[in-house]
Amino acid sequence: MSWFSTIFTRRRHYRDLSVTIAEHLEERTEELMDEGMPRDEAEHTARREFGNVALLEERSRAEWQWPRLESLWADVRLAARQLLRSPGISFITVLTLALGIGANTAVFTLTWNIVLAGLPVPHPEQLVQYTMTKGNSVIGLSWPEYTILRQRQNTSSDLLAWNSDEEPVRQGSYTHSEKIQLLTGNAFRVLGIQPAMGRFFDEAEDEAQGAKGVPAILSYEAWQSRFHGEASALGQSLNVKGHPVTIVGVMPRGFEGLTANLHPMLYLPMSFEVLEEGEKDATNAGQLDRYVMGRLLPGKTLRDARAELQAITPTVRKEADPTGIFLGQFFKDFRLVVEPGRSGVSWVKMVYERPLLVLELLMVLVLALCCVNTTLVMLARVSGRQSEYVVRVALGAGKMRLVRQVLIETTLLVVPGLLGGVFAGWLGAHALVAMLGDRGTPSQMDLRPNAVILAVNTAAAILVALGAGLWPALHAAGTNPAKGMKAQSRSLSSKHLGGWAISLQIAVSITLVAAAALLGGTLVHLMTENNGLRVQNAVIADLNLNDLKLKSNQRVALTSRVLQRVQSTPGVEAAGYISAYPMTGYFSATRMFSVDRNQIIHSKPSLFLLQATAGYFDAAGTRILTGKVSANEAGAINNCVLSESLAHALFPDQSAVGELVYHSKMGLPDGADMDPQRACRVTAVVEDAKFVSLRSPAPEMLYDIENAGVERKFYDPSGILVVRGKNTTVAADAVKEAAREMMPQGTTTSVQTLGQLMDQDLSRERMLVSLSGIFAVLALLLTALGLYGLLMRSVTLRTRELGIRMALGAGRGSILASLSRRVLIEVAIGVAGGLALAWMTEGVVRRLLTEPQSGSAVGIAVSGGVVLLIAVLAAAVPAIRAARIDPMEALRAE
Amino acid sequence: MEKNSANRGLFPGALEMMILQSLRYKPMHGYALVKHIQQVSDDLLQVEEGSLYPALQRMLKQGWVESKEGVSAKGRPTRIYRLTQAGRRHLEEEITSFEKMFAGIARVMATAKV
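Residues numbered from 1 in each chain as written. Chains lettered and ligands numbered in written order. Predicted model: local features only at pLDDT ≥ 70, side-chain atom pairs only at ≥ 80, totals over all residues.

Trainee: Quick question: what am I supposed to make of the overall build of chain B here?
Mentor: When its secondary structure is counted, chain B shows 4 helices and 2 strands. Element order for chain B, N to C, with α for helix and β for strand: α-α-α-β-β-α. Across chain B, the fraction of contacts at a sequence separation of at least 24, relative to all contacts at a separation of at least 6, is 49%. (Helix = DSSP H or I, 4+ residues; strand = E, 2+ residues; numbered from the N terminus. Contact = placed C-beta atoms within 7 Å.)

What follows is the structure in structure tokens.
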């Protein structure tokens, strides 16, 4: 009999079975009656002889079934019916699970994409990366360093080098600034990738230095967007900064360059740099901008590479810079290191790796909370259905069957939670990426759902289901039929249920609230402290001068005209140019020195040199402490302004105003050459400003003063204009108006408020704060719900008992006391545990986020107070209800 | 599920064989089968209901027996089980192998006595 005809005919068999068994019992009864037994007794005896009819029928029917599968299905249906009987609670439980799993998905998606996922090349784990590192600063290698290292090392099959740039690219009549990555010819071999179309260039072509034309590889994205994915893209010519290049191939899909999230449009041979800058500059020992990657030989490990590097570093440094000026002086403190290269160079990884770890840590706590909450819901369900379990056990249900039943019910709550959570988390991850800011940090990040993310979340969900269901399941399995039957008529006490859960929820809540408070406090501190820049009412504009083909003198004249026009606009209070964007992480190091009044030479190997016009300081809100910012006088030594800390370092116990600061001369010790032509005169000292980033300490800064409109050697106007007005609208409109009038057709001027720049600089902190805030609110909500539900249930179950006690004369006060005593103990345990856990978590967070974090014991104490307050509020309603019990009503009710 | 607990003491297939053999004698309903086996074995064998009904369902599924609506001796509706052609063949095979096994056991027992 085939299986499906079995399914159709089995109902008839079940019926036949029942009829036969009924007749069986009937005949036996009659037989016993014939022997002289009364009917009642005969029926009873027949049944007893026969045994458990229901069980036997079930066992007989099982012959037609797939018993395991079908009983599972029956359990699932029962579980679904049970859940639908209290849709509100089920919905809230699913919702909290979805929120928990959603947050986990969102955070893990980012963690995966930023921290864990490697480059889309075969075996990214074999890749190693060589950089020059000093603390948190990471720079590349010089060309000579790369070539010598490549010859000397024996742990990798070969080393490739790359660097990235932004250049004007002309396609037909359309020119736009594009990101470009330069790769050595061996890169494709080392990476082991294949072109999506066409071919890659090789080492011979790279070494030819463009003698036979420059081959270019198009990114897959650019191929799709610019060439509609057509094969005709091959052979087409583009113009990169005036040099024609020919497209010979297309990068494989998903390959976005070796610098994470950079998304270069075009890949060119490394020798393109020689074409651009000339042999001398391209191979300059002081230009440390080549990132180097190798693929470890089979059997070699990162440890081998490190040992080898340590052994050959002295040789490499010496041979790569025989004069010793760069590697021996300027970059003395930068160490040559080799690190895992699976992600390539990823600034976003450097910035977000640790915050993401913090979030993952908090995430574990949130999931634990979801788990506890689900446990409480299931415990309540299980204890509410005690009588059902009693009947089932009495009918012969096995313990495992009860455990399974409860676990299935938990799973039915977790599965929709998982599905909803993964979907919500997917959207959440995109929202988070948008929060990562767009200047300095990437706005483009491809988030791909993948098996790993799904698997991690499913595993998390299964853990939650098991964790949440196991305790209630064992509770159900512990049902004792005899005791249960007796207990049915009595009021159940809630004593043995869920007390520990209250403590746990409160402890975890305090930890999450304290973490949010710590991170929030840090953000507020960073936003409100005096950072030497006053962002209110100020805007920053980029005239995008690089898009124009202008000579230096034309640029100077144009920027001067724009500045004058902006300054003359009513409502504008100050305006000035600065040579770099503040708060974007940009930093450059220059070596200068001073001679103080005691003829002591003070060298500063890495001060931050910027060029500013005089109006910049008022516009940016950097206060002048002493002296006066004044424009340069014709023929005199150029003026400059020092930051307070630099002034103190260069002129320790005297006023810096009026003194000279000299540029160091390459290859000469400081003080040997004191050429006034290479010096500037300090006219003012200004307060320290956190120009690089609000979260790094204020750098020692020297502002070279430039006169707008006056050409000078090394002065190349940046076109970055800071304007302070009555309000930001006035300031922004002034710039836009000036740009519209003065700037040539077709140019764009981007205007942002300084506040926006600050927000972007703090995007990492804001992401941490918003997420930890969401976690904290979720925690408070779950705790309140859990406490409320548990107490309400306890009051409901004990209504009768309380009624009796009241009838016997117990006051409302003593009723409340008896109800709250246990809860108070549980809450107290929770608070104590919470304070300890919060303190430990804060330690870990501080260690992970090395920047100074505000917050303290006070923050933790306040968090404890907040959680306590929420707990009291949640407990108030059930307590009031208990106090209002009317003994008459309570006794009448069953 | 403890399917075979009731067959304890009998070798596997013994219950089926006896049911089939009984049904070859004549089609019967469940209670009649119990009585029949009890009678012909002179009360030596008591078939438990707990094994009989699952066994009947198993044999229905195998197609060795079929069930038909019928009336019991007392005139009430019941289901009569009847041997099919396949059941008859299966019974023959079972009997053959049972006889072989029985002969084997008998010989061993005889040798052991000496």
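Trainee: I'm lost on the overall build of chain A in this one. Help?
Mentor: Looking only at helices and strands, one finds 28 helices and 22 strands in chain A. Counting the 894 residues in chain A, one finds 43% classified as buried. A separation threshold of at least 6 residues defines the contact pool for chain A, and within that pool the share at least 24 residues apart is 84%. (Buried ≥ 20, exposed ≤ 12 C-beta atoms within 10 Å, placed from the backbone.)

Trainee: Looking at this structure, I do not really get helix H11 (residues 302-320) of chain A. What am I missing?
Mentor: The periodicity of an α-helix, 3.6 residues per turn, causes residues three or four positions apart to be oriented the same way. Residue and element names in this part refer to chain A. With 19 residues, H11 extends just 23 Å between its outermost C-alpha atoms, more than 12% less than the 27 Å of an ideal straight helix rising 1.5 Å per residue. In H11, a bend of some 50° at Ile 312 exceeds every other bend along the element, and Pro 314, a proline, comes one to four places later. Residues of H11 that are buried include every one of Ala 305, Leu 309, Val 316 and Ala 320, and no others. Looking at the buried positions of H11, the neighbouring elements they touch are strand E1 (127-134), helix H6 (143-152), strand E3 (156-171), strand E10 (291-296), helix H12 (326-330) and strand E11 (335-340). (Expected span 1.5 Å × (residues − 1). Bend = angle between axes of the 7 residues up to and from the residue.)

Trainee: Looking at this model, I keep getting lost on the packing of helix H1 (residues 14-25) of chain B against helix H2 (residues 30-40) of chain B. Mind explaining?
Mentor: If you want to describe how two helices pack, look at the angle between their axes and the distance between the axes. All names here are of chain B. H2 packs onto H1 with a crossing angle of 100° between their chain directions and a minimal axis gap of 10 Å. By the angle between their directions, the pair H1 and H2 is classed as roughly perpendicular. Mapping the contact onto sequence places Met 18, Ile 19 and Ser 22 in H1 and Leu 33, His 36 and Ile 37 in H2. Each residue belonging to the contact of H1 with H2 can be placed in one class, and the counts come to 4 nonpolar, 2 polar and no charged. (Axes fitted to C-alpha atoms, helices over the stretch in contact; angles between N-to-C directions. Parallel < 35°, antiparallel > 145°, perpendicular 65-115°, else oblique. Nonpolar A, V, L, I, M, F, W, Y, C, P; charged D, E, K, R; others polar.)

Trainee: When you look at unusual backbone geometry in this model, what are you seeing that I'm missing?
Mentor: Residue and element names in this part refer to chain A. With a phi angle near 50°, His 228 is a residue other than glycine that sits in the positive phi range. Residue placement: His 228 occurs in the loop between helix H9 (220-227) and strand E7 (237-240). Not every positive phi belongs to a glycine, and Asn 537 is a case in point at roughly 65°. Position of Asn 537 among the secondary structure elements: in the loop between helix H18 (499-528) and strand E12 (538-542). Note on Asn 537: 21 C-beta atoms within 10 Å, which makes it buried.

Trainee: Looking at this structure, I do not really get the interface of chain A and chain B. What am I missing?
Mentor: Accessible area lost during the coming together of the parts is what is often quoted as the interface size. Chain A puts 22 residues into the contact, and the matching count from chain B is 20 residues. Per element, the largest residue contribution to the side of chain A that touches chain B is 12 residues, and it comes from helix H1 (residues 3-34) of chain A. Its residues assigned to classes, the side of chain A that touches chain B shows 9 nonpolar, 5 polar and 8 charged.

Trainee: Help me understand the nonpolar core in this model?
Mentor: With 167 residues, the main nonpolar core has Ala 216, Val 366 and Ala 779 of chain A as its most contacted residues. Of all hydrophobic cores here, the second largest spans 68 residues; its members include Val 535, Leu 610, Val 682 and Leu 694 of chain A. (Core = buried A, V, L, I, M, F, W, Y, C linked by C-beta atoms within 7 Å.)

Trainee: What should I look at first to understand the environment of Ala 575 of chain A in this one?
Mentor: Residues and elements named next belong to chain A. Turning to its location among the elements, Ala 575 is positioned in strand E13 (residues 572-577). Taking the C-beta count within 10 Å as the criterion, Ala 575 has 31 such neighbours and is therefore assigned buried. The sequence separation of Ala 575 and Val 722 amounts to 147 residues, and the corresponding C-alpha distance is 5.6 Å. Aside from chain neighbours lying at most four places away, what touches Ala 575 is Leu 563, Val 566, Gln 567, Gly 615, Ala 619, Leu 721, Val 722 and Val 723.

Trainee: Just to check I follow, could you spell out the pairing of strand E4 (residues 174-183) of chain A for this structure?
Mentor: Every other side chain in a regular strand lies on the same face of the sheet, so the side chains alternate between the two faces. All names here are of chain A. Where E3 lies against E4, 10 bridges are found, and the strand directions are antiparallel. By the bridge assignment, Asn 163 is partnered in E4 with Leu 182. Summarising the sheet, E4 and strand E9 (residues 266-269) pair through 4 bridges and their orientation is parallel. Paired with Gln 181 across the strands is Tyr 267, a residue of E9. (Pairing = 2+ DSSP bridges.)

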